[in-house]
Amino acid sequence: MLFNSLKSVLLTLYLFSKSIFLTLFLFSVNAIAHAETTLVAVASDFTKPMTEIAAEFEKATGHSAKLSFGSSGKAYTQIQSGAPFEVYLSASEKYPLELEKSGHVVANSRFVYAIGKLVLWSAKPGYVDDQGQVLTKGGFQHLALADPSHAPYGVVAEEVMAHLGVLEKLRPLFVQGENISQTFQFVSTSNAELGFVGLAQVIDIASGKIGSGSGWIIPDTLHSPFRQTAVLLKTGAENPAALALVNFLKSPTALAIIEKYGFGLPK
Amino acid sequence: MTQTITARFFLDYGEFKFDVDLRLPGSGISVLFGPSGSGKTTLLRCIAGLQRAPQGLLKINGEVWQDSERGVFVPTHKRPLGYVFQEASLFPHLTVTENLQFGLKRINKPSSAADLHQIIELLGIGHLLKRMPDRLSGGERQRVAIARALALNPEVLLMDEPLAALDFQRKQEILPFLNRLHQELNIPVLYVTHSQQEVAQLADTLVIMADGRALASGPLAETLSRLDVPLAHDREAATVWPVTVIEHEADYHLTRVAFAGGTLSLPAIDAAVGTPLRVQVYARDASIALELPSATSILNVLPATVTGLTDGHGGQSVVRLKVGNQALLAHITRKSTVLLGLRVGMGVYVQIKGTSILN
Amino acid sequence: MLTSADIATLWLTCKVAGLATVLMLILGTPLAWWLARTTSRWKGVCNALVALPLVLPPTVLGFYLLILMGPSGPIGQLTTQLGLGTLPFTFGGLVVASVLYSLPFVVQPLQAAFAAIGDRPLEAAATLRAGPLDTFFTVVVPLARPGFMTATILGFAHTVGEFGVVLMVGGNIPDKTRVVSVQIYNHVEALEYDQAHWLAGGLLAFSFSVLLLMYSALKAHPVAHQLK
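Residues numbered from 1 in each chain as written. Chains lettered and ligands numbered in written order. Predicted model: local features only at pLDDT ≥ 70, side-chain atom pairs only at ≥ 80, totals over all residues. Heavy atoms only, no water.

### Details of the overall build of chain C
Thought 1: Check the secondary structure of chain C and you find eleven helices and zero strands.
Thought 2: The C-alpha extent of chain C, read off along each of the three principal axes, is 65 × 45 × 30 Å.
Thought 3: Counting all 228 residues of chain C, 48% fall into the buried class.
Thought 4: Taking all contacts inside chain C whose residues are at least 6 apart in sequence as the whole, residues at least 24 apart take part in 72%.
Thought 5: As displayed, chain C has an accessible area near 10,000 Å², and 73% of this comes from carbon and sulfur atoms.
Thought 6: One finds the centroid of the 11 positive side-chain charges in chain C at a distance of 17 Å from the centroid of its 9 negative side-chain charges. (Helix = DSSP H or I, 4+ residues; strand = E, 2+ residues; numbered from the N terminus. Buried < 20%, exposed > 50% of the residue type's maximum accessible area, 1.4 Å probe, protein only. Contact = heavy atoms within 4.5 Å. Areas by Shrake-Rupley, 256 points an atom, 1.4 Å probe, with all protein chains shown as cover. Lys, Arg positive; Asp, Glu negative; His and termini not counted. Charge placed at Lys NZ, Arg CZ, Asp CG, Glu CD.)

Set out below in structure tokens:
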């Protein structure tokens, strides 16, 4: 009991220190005065790889990227309302297509930068089997997923459950995170016994396996392709840093980082 | 007098120490008099239990309200007292009637409606009963506050400068009511004031406070004339005599009154024979002669004995006299004292140039 | 127009805000009274703690609540031992979170109203034989009525408008924890702007009328009565 409370306190501290680190990092990015800077909206599931990619990008090009993490839908609304983002890394294909229709996107700049991987995960070791049979067996009270009404991870999670024929049975147990990070919090704090999260959130990058708890990496065949799509926005058309970042995302350095964090590579 | 109030309190505020040990009569008005900061309000609050002195003994008519040595402290709401604050402190959300009944509803003894009616009559607030407090004048509010305290039929009435917040006219409006209270109530009243006028008009017993201590306490005339108290040296120093109307001299527009030890002629007073009154004699209005003056315009010349004598400052002496059984103060020049060769024990005549009737 | 799902969120919101307001008044009244009267050296600490939700981002509070009320958190372990299960994702959890989050909006007006009353009415009541509780209900409560009104309205309105904490602790479950602010957010995120407008406009009108009502009522009764 005591150990568990201690663990939660440590988790809190860890998340705190992480956010402080991130802030310091962003400050240092700002500090390079002579370099061009580009402002990037990043889907929250891509937080970890993009942070590392941005560091490499800076080293390689001298430009810097200011990253704004959040739900893809929120970024979309903000861009529609004139937010000054220059590059948009969405978790889905839908929003970039909409932005193209509304004329916010530089022609032919849309590309898939990563393939999202969905994991059914629990903070408890041994809780989720590697076939996901726990979904049919039941025995849990809360199943966390990102809100399917707007979050891409939620959409594919519903598809997986529909494919397994358990969607309607499980629906009453849904607890919905506003985005995939919040969904992860629901599960990592054990408030929900299990939930659909992104592989990047639970992968141990040293071993390439799920780091803690237990999880089932869901095969791509159980849901529609999870194409995480990026676009160069018209606001960034003239900014060399924005162009450079779009190109850097396709570089071997970036692809290696993307793969390391458990994303599939675009074909 | 068997019924008494014993009040002993000690409070230490560092710079200011409050240290009082008093016995007061269980009837009549005891006035606590002193400048602000002298501790008179503190004394009243300690008696009410609004302030808790760490060391204290308080007995009212035989009942112990506080005894710090035995750990006894009766909370304010369980003490059968009435309290009138400097500001009327009526409850603004209640009508006058509701204010009057606030305490009444909470006491066990069934106070009759007749009692309340009498109190309303006494204070002349019958026409205000349905009003809210913010529709009353300052004087009206204070009268309601006094009625509210009296309605409880308390064993002691505590009044903390009830007139201080009022202007002269309002004071004049309330003083007669207080005088009537004085005559009709048979409970002890502790009355805090820094006004000499109120002392003269209301006090039976006077307690003089300074620097957190009681300098003197005793019957009014006695205490007023004590030479060891600064009051006797004040320019406004005066003594107060209780008198009774004995005769009207209509031709001269004069009234004769009797006091313990003689009679006085006063300007005509509209009061029936037998009416008790208070007469104030300022020390500056009393002069001394060694022999009975044969021809003088002053009507009131009385035999007296010198009982005390001081060298005042600025060439002035304060002489304490006994006229019959009454004490009297006279302010005369030091030179006169020397020329007359005044000594304690000497028989003299005192001429009273002027008097004022207090009620 | 409003869908039945929208109406369900409105009804749920009213239930959460109503219950939370009642609880806040029950908890907040003694707390505000103590804060208004005490000279304890803990007063500053308590004042700061109560005011904390005013400055903290709701997500911080939500996140801590998620941890504290979760199966490994101390509150979660307590509620589990009491047989209540864990609070996140439940109506009860939402009410608890709302109470913590909106408490300063109830405590502060009450505290100000109590402080404005001062000692004198309490002393006057004591000399008129009223004990402390008696005095509180017959003198303090009526005198602090404008404070209670402000506290109730602000507490209710702020709970209705709360979003961040609810999102974190509630889990966005229809009919259970999906309140109107979350529903608006969902509509916006799902690009259902028409639906969002209906609800958001309604909420705006509601909040405005509540505040208007409060301020016009307060014009008639300033913060607290002065003794006459």
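### A word on helix α10 (residues 240–248) of chain A
All names here are of chain A.
Thought 1: Among the residues of α10, those classed as buried are Ala241, Ala242, Leu245, Val246 and Phe248. Angularly, the buried residues of α10 cover 165 degrees about the axis, an arc narrow enough to put them on a single face.
Thought 2: A side-chain oxygen of the first residue of α10 lies 2.9 Å from the backbone nitrogen of Ala241; this N-cap is Asn239. (Arc of directions from axis to C-beta. Polar contact = N/O pair within 3.5 Å; in protein donor to acceptor, adjacent residues only side chain to side chain.)

### Focus on the interface of chain C and chain A
Thought 1: Taken residue by residue, the interface counts 25 residues in chain C and 28 residues in chain A.
Thought 2: Of the roughly 2,400 Å² buried at the junction of chain C and chain A (both faces included), carbon and sulfur atoms supply 59%.
Thought 3: Along the contact surface separating chain C from chain A lie zero salt bridges.
Thought 4: Put simply, the parts of the chain that give the side of chain C that touches chain A at least two residues each are α3 (58–69), α4 (74–81), α9 (164–170) and α10 (180–189) of chain C.
Thought 5: Ranked by residue count, the leading element in the side of chain C that touches chain A is α3 of chain C, at five residues.
Thought 6: In the side of chain C that touches chain A, the residues fall into 16 nonpolar, seven polar and two charged. (Buried area = accessible area lost by both parts, 1.4 Å probe. Salt bridge = Lys/Arg side-chain N within 4 Å of Asp/Glu carboxyl O. Nonpolar A, V, L, I, M, F, W, Y, C, P; charged D, E, K, R; others polar.)

### So, the sheet that holds strand β11 (residues 214–217) of chain A
Residue and element names in this part refer to chain A.
Thought 1: Spatially, five strands are ordered β7-β6-β8-β5-β11 in an open sheet, and the strand pairing comes out mixed. Bordering the open sheet on either side are β7 (174–177) and β11, each of which pairs with just one other strand. For this sheet, the mean inter-axis angle between neighbouring strands, taken without regard to orientation, is 30 degrees.
Thought 2: Alignment of strand β6 (residues 143–146) against strand β8 (residues 194–198), held across two bridges, turns out to be parallel. Following the sheet pairing, Ala144 is matched in β8 by Gly195. (Pairing = 2+ DSSP bridges. Axes fitted to C-alpha atoms, helices over the stretch in contact; angles between N-to-C directions.)

### What to know about the domain arrangement of chain B
Residue and element names in this part refer to chain B.
Thought 1: What the domain assignment reports for chain B is domain 1 (4–224) and domain 2 (238–357).
Thought 2: Centre-to-centre, using C-alpha coordinates, domain 1 lies 33 Å away from domain 2.
Thought 3: The partner domain 2 presents nine residues to the eleven residues of domain 1 that form the contact.
Thought 4: Counting each side, the surface lost to burial between domain 1 and domain 2 is near 680 Å², with a carbon and sulfur contribution of 46%.
Thought 5: Of all residues in domain 1, Ala200, Ala221 and Leu224 give up the largest surface area on contact with domain 2, accounting jointly for 63% of the area buried on that side. (Domains from an automatic or database assignment.)

### Some thoughts on the nonpolar core
In a soluble, globular protein the nonpolar side chains are often hidden away together inside.
Thought 1: Phe9, Leu43, Ile146, Leu158, Leu178, Tyr191 and Leu206 of chain B are the most contacted members of the largest nonpolar core, which has 115 residues in total.
Thought 2: The leading source of residues in this core is helix α5 (residues 91–117) of chain C, at ten residues.
Thought 3: Those residues in contact with Phe9 of chain B, other than ones at most four positions away along the chain, are Phe18, Asp19, Val20, Leu43, Cys46, Ile47, Ala53, Gln55, Gly56, Leu58 and Gln66 of chain B.
Thought 4: One finds Leu135, Phe140, Leu232 and Val246 of chain A within the second-largest nonpolar core, a separate group that totals 55 residues. (Core = buried A, V, L, I, M, F, W, Y, C linked by side-chain atoms within 4.5 Å.)

### Structural notes on the interface of chain C and chain B
Thought 1: Taken residue by residue, the interface counts 21 residues in chain C and 25 residues in chain B.
Thought 2: Buried area between chain C and chain B, summed over both chains or domains, comes out near 2,100 Å², and the portion from carbon and sulfur atoms is 66%.
Thought 3: Counting across the interface, chain C meets chain B through three salt bridges.
Thought 4: One can count seven residue pairs in polar contact (both at pLDDT 80 or more) joining chain C with chain B.
Thought 5: For the side of chain C that touches chain B, the element with the highest residue contribution is helix α6 (residues 120–127) of chain C, accounting for seven residues.

### Notes on the sheet that holds strand β7 (residues 81–84) of chain B
Residue and element names in this part refer to chain B.
Thought 1: In spatial order, the strands read β7-β8-β9-β3-β10-β11; together these six strands make up an open sheet with mixed pairing. At either margin of the open sheet sits one strand with a lone partner, and together these are β7 and β11 (213–219). Ignoring strand direction, the axes of neighbouring strands in this sheet form an average angle of 15 degrees.
Thought 2: In this structure, strand β3 (residues 29–33) lies alongside strand β10 (residues 205–210), joined through four bridges in parallel fashion.

### Remarks on the arrangement of the chains
Thought 1: Ranking the two pairs of chains in contact by contact count places chains A and C at the top.
Thought 2: The smallest C-alpha distance separating chain A from chain B is 46 Å, and no contact links them.

### Focus on the side chain of Arg320 of chain B
Residues and elements named next belong to chain B.
Thought 1: Note that Arg320 resides in strand β18 (residues 316–323).
Thought 2: Taking the relative accessible area as the measure of exposure, Arg320 reaches 15% and is therefore buried.
Thought 3: Of note is the side chain of Arg320, whose polar atom sits 2.7 Å from the backbone oxygen of Ser225.
Thought 4: The residues touching Arg320, leaving out its near neighbours within four places in the chain, are Glu222, Ser225, Arg226, Leu227, Thr305, Val306, Thr307, Gly308, Ala327, Leu328 and Leu329.

### Observations regarding a nonpolar patch on the surface
All names here are of chain C.
Thought 1: Where nonpolar side chains cluster on the molecular surface, the patch consists of Trp34, Trp42, Val45, Leu49, Leu52, Leu54 and Val55 and spans about 680 Å² of accessible area.
Thought 2: Top contributing element to the nonpolar patch by residue count: helix α2 (residues 43–55), with five residues.
Thought 3: Among the secondary structure elements, Leu54 is positioned in helix α2.
Thought 4: Given a relative accessible area of 41%, Leu54 falls into the partly exposed group. (Patch = residues over 30% accessible without salt bridge, like charges linked within 9 Å, V, L, I, M, F, W, Y side chains within 5 Å.)

### Let's talk about the environment of Leu231 of chain B
Residues and elements named next belong to chain B.
Thought 1: For Leu231, the location among the structural elements is in the loop between α7 (220–224) and β12 (238–249).
Thought 2: The sequence separation of Leu231 and Val192 amounts to 39 residues, and the corresponding C-alpha distance is 16 Å.
Thought 3: When neighbours within four sequence positions are excluded, Leu231 is seen to be in contact with Phe33, Gln196, Leu206, Ile208, Leu224 and Ala237.

### Here's the deal with the packing of helix α1 (residues 4–37) of chain C against helix α8 (residues 145–161) of chain C
All names here are of chain C.
Thought 1: Running from N to C, α1 and α8 cross one another at 140 degrees; their axes reach a closest spacing of 9 Å. Relative to α8, the element α1 is oriented oblique. Both α1 and α8 take part in a crossing whose hand is right-handed. Taking contact as the criterion, the partners of Thr13, Cys14, Val16, Ala17, Gly18, Ala20, Thr21, Met24, Leu25 and Thr29 in α1 are, on α8, Phe148, Ala151, Thr152, Gly155, Phe156, Thr159 and Val160.
Thought 2: Of the residues belonging to the contact of α1 with α8, the class tally is ten nonpolar, seven polar and no charged. (Parallel < 35°, antiparallel > 145°, perpendicular 65-115°, else oblique. Left-handed = near helix turned anticlockwise from the far one by under 90°.)

### Here we look at the pattern of salt bridges
Thought 1: All told, the structure shown has 20 salt bridges over all chains when counted by the stated rule.
Thought 2: One salt bridge connects Lys101 of chain A with Glu98 of chain A, and the closest N-O pair in it is separated by 3.8 Å. Of this pair, Lys101 of chain A and Glu98 of chain A both sit in helix α4 (residues 94–101), separated by three residues, roughly a single helical turn.
Thought 3: Of the residues examined, Glu98 of chain A reaches a relative accessible area of 27% and is grouped as partly exposed.
Thought 4: Sharing partners across several salt bridges, the network here consists of Arg45 and Glu87 of chain B together with Arg120 and Glu123 of chain C.

### Focus on helix α7 (residues 132–143) of chain C
Residues and elements named next belong to chain C.
Thought 1: Buried residues of α7: Thr135, Phe136, Val139, Val140 and Leu143, and no others. The buried residues of α7 occupy an angular sector of 125 degrees when projected down its axis, which confines them to one face. Looking at α7, the residues exposed on the side facing more than 90 degrees away from the buried face are Leu133 and Phe137.

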